[in-house]
Amino acid sequence: TAVTNGFGMAIMLLWMVLYTKYSPARGAVLGKIAVVFLVWAAMTILAAFFINDEWFTPLRKGETCKTEFVGICCIAFNVLMYGSPLGAVKQVIKTRSVASMPLPLSLAAFISSVLWATYATLLEDAWVGLPNYIGTVLGFIQLSIYAVYCRHRQDGEQRLVEPVSTSLQPTCSV
């Protein structure tokens with residue numbers, strides 16, 4: 001797992017460097033990266049130095065309060081990641097346009113959460129299952145909202161509904 005995690009981290013760092021380099025809002029991107037780093041550092045310091053193994057009994061034998069704390073934090077951030085596209089729902093409903101809700105992101109998050117939820121169910125692993133069951137529901141909600149509003153577009157000040165197509169061509173573009 002160290003090789004896999006190291007490779008994943010290297011790819012992530014490369015992506016962040018390239019994204020930051022070519023981003024027109026470089027300062028805002030660097031600020032967000034700094035916030036993520038500070039949250040990670042705070043959680044690491046908290047888990048390493050301030051979590052006491054006698055606070056509660058871990059769910060699984062052999063686990064510690066520190067690993068339980070990190071697991072709970074990972075679940076929380078995983079659920080936030082799956083729900084993040086829902087931040088655009090207000091804009092979608094207001095404009096009746098899905099331009100601000102990325103379909104590929106919503107679809108990929110839904111498929112990922114379904115696959116991980118299936119894996120967790122087969123292994124009976126609550127730590128993997130919980131955020132992915134929630135992610136599956138959130139992904140379904142996102143895709144449902146997209147399906148409802150994908151036929152709407154905004155043309156200047158007018159909001160028009162596209163006519164129903166009888167062809168086999170998709171009516172919503174990504």
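In this report, we go over the structure that sits alongside the text. (Residues numbered from 1 in each chain as written. Predicted model: local features only at pLDDT ≥ 70, side-chain atom pairs only at ≥ 80, totals over all residues. Heavy atoms only, no water.)

### Thoughts on unusual backbone geometry
Phi at Arg96 takes a positive value of approximately 55 degrees, unusual for a residue other than glycine. With respect to the helices and strands, the residue Arg96 is situated in the loop between α4 (89–95) and α5 (103–123). Among the residues examined, Arg96 registers a relative accessible area of 32% and is labelled partly exposed. Phi is positive for Glu124, close to 55 degrees, though the residue is something other than glycine. Residue position: Glu124 is located in the loop between α5 and α6 (126–149). (Helix = DSSP H or I, 4+ residues; strand = E, 2+ residues; numbered from the N terminus. Buried < 20%, exposed > 50% of the residue type's maximum accessible area, 1.4 Å probe, protein only.)

### As for a nonpolar patch on the surface
On the surface, a nonpolar cluster with roughly 360 Å² of combined accessible area is contributed by Val35, Val39, Phe77 and Leu80. Sorting the residues of the nonpolar patch by element identifies α2 (26–50) and α3 (65–83) as the ones contributing at least two each. Tracing the sequence through the fold places Val39 in helix α2. (Patch = residues over 30% accessible without salt bridge, like charges linked within 9 Å, V, L, I, M, F, W, Y side chains within 5 Å. Areas by Shrake-Rupley, 256 points an atom, 1.4 Å probe, with all protein chains shown as cover. Salt bridge = Lys/Arg side-chain N within 4 Å of Asp/Glu carboxyl O.)

### A word on the packing of aromatic side chains
Remark: the centre distance and the inter-plane angle together describe each pair of aromatic rings, the angle taken between the planes. Taken as a whole and judged by the stated rule, the model has three aromatic pairs. Consider the rings of Trp15 and Tyr19, whose centres lie 5.1 Å apart with planes at 20 degrees: the pair is stacked. Pair noted here: Trp15 and Tyr19 are both in helix α1 (residues 2–22), with a separation of four residues, about one helical turn. Summarising the aromatic geometry, the rings of Trp116 and Tyr119 are spaced 5.5 Å apart at their centres and angled 90 degrees between planes, so their arrangement reads as edge-to-face. (Phe/Tyr/Trp six-rings, centres within 6.5 Å; stacked < 30°, edge-to-face > 60°.)

### Here we look at the environment of Lys66
Secondary-structure assignment places Lys66 in helix α3. Note: C-alpha distance between Lys66 and Thr44 (22 residues apart in sequence) is 9.8 Å.

### Considering the nonpolar core
One finds Ala88, Val89, Val92, Val98, Met101, Ile145, Tyr146, Tyr149 and Cys150 forming the largest nonpolar core, which totals nine residues. For this core, the secondary structure elements donating two or more residues are α4 and α6. Per-element tally for this core: the top contributor is α6, with three residues. In this view, Tyr149 contacts Val92, Ile93, Arg96 and Val98; residues no more than four positions away in its chain are not counted. Counting five residues, the second-largest nonpolar core is a separate cluster that includes Ala47, Ile51, Phe69 and Cys73. (Core = buried A, V, L, I, M, F, W, Y, C linked by side-chain atoms within 4.5 Å. Contact = heavy atoms within 4.5 Å.)

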